[in-house]
Amino acid sequence: MGRRGVLRVGCRSPRASVTAQAANLETQILPRKGSVKTWTDAEIRHIGTVVDIVTAGEILGIGRTTSYVLARQKKFPVPAIRVGRRYIVPTGPLKNLLGIDTHPTEPA
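Residues numbered from 1 in each chain as written. Predicted model: local features only at pLDDT ≥ 70, side-chain atom pairs only at ≥ 80, totals over all residues. Heavy atoms only, no water.

J.: I keep staring at the overall build of the protein and nothing clicks. Help me out?
T.: Scanning the protein from N- to C-terminus turns up five helices and three strands. In the protein, the order of α-helices and β-strands from amino to carboxyl end is α-α-β-α-α-β-β-α. Counting all 108 residues of the protein, 21% fall into the buried class. Relative to all contacts within the protein whose residues are 6 or more apart in sequence, the contacts with residues 24 or more apart total 40%. Counting every atom, the protein has about 8800 Å² of accessible surface; 55% of that belongs to carbon and sulfur. (Helix = DSSP H or I, 4+ residues; strand = E, 2+ residues; numbered from the N terminus. Buried < 20%, exposed > 50% of the residue type's maximum accessible area, 1.4 Å probe, protein only. Contact = heavy atoms within 4.5 Å. Areas by Shrake-Rupley, 256 points an atom, 1.4 Å probe, with all protein chains shown as cover.)

The structure is reproduced here in structure tokens:
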């Protein structure tokens, strides 16, 4: 309530403010829907010869927007090739950066 008993629009009670802060804290701690995938060595070995910039960034732990910004600035950790409106990343340099053998020897 405001002055003279008039309820002001948009004002929260102190209790509502604390509840809102707690809700914000929960969303920061809990994983978001659609969170970033964790890639294993085996999965990375079996990807194709090229991947899109988002997948390459995901493998390296770089977010979608940052991947595009780095590619645009030519600062992405591995070569990113612009094809039309897309960026593709060859997986050879990506695997080399991660120290993953591109030609693993299979047991007999």
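Next comes the rest of the description.
J.: Please clarify how the environment of S67 should be interpreted in this entry.
T.: Position of S67 among the secondary structure elements: in helix α4 (residues 64–72). Given the relative accessible area of 0%, S67 is considered buried. With twelve residues separating them along the chain, S67 and T55 place their C-alpha atoms 9.4 Å apart. For S67, the residues in contact, after removing those within four places along its chain, are I53, G57, I62 and F76.

J.: Help me understand the sheet that holds strand β3 (residues 86–90), please; the structure alone is not making it clear to me.
T.: Strand pairing in a sheet relies on backbone hydrogen bonds, with the paired strands running either antiparallel or parallel. If you walk across this open sheet you meet the three strands as β1-β3-β2, and the pairing is antiparallel. Each end of this open sheet is capped by a strand with a single partner; those strands are β1 (50–52) and β2 (81–83). Averaged over all pairs of adjacent strands, the angle between their axes in this sheet comes to 40°, without regard to strand direction. The sheet contacts of helix α3 (residues 53–60) involve β1 and β3, and relative to β1 the element is tilted by about 95°. Contacting β1 and β3, helix α5 (residues 91–98) crosses the sheet at an angle of about 55° to β3. (Pairing = 2+ DSSP bridges. Axes fitted to C-alpha atoms, helices over the stretch in contact; angles between N-to-C directions.)

J.: Sorry, what's going on with the packing of α3 against α5 here?
T.: The description of two helices packed together rests on the angle between their axes and the distance between the axes. Orientation of α3 relative to α5, taken along the N-to-C sense of each, is 10°, at an axis distance of 11 Å. Considered as vectors, α3 and α5 are oriented roughly parallel to each other. The residues of α5 that touch α3, namely those facing A56, I59 and L60, are L94, L97 and L98. Residue classes in the contact of α3 with α5 are distributed as six nonpolar, no polar and no charged. (Parallel < 35°, antiparallel > 145°, perpendicular 65-115°, else oblique. Nonpolar A, V, L, I, M, F, W, Y, C, P; charged D, E, K, R; others polar.)

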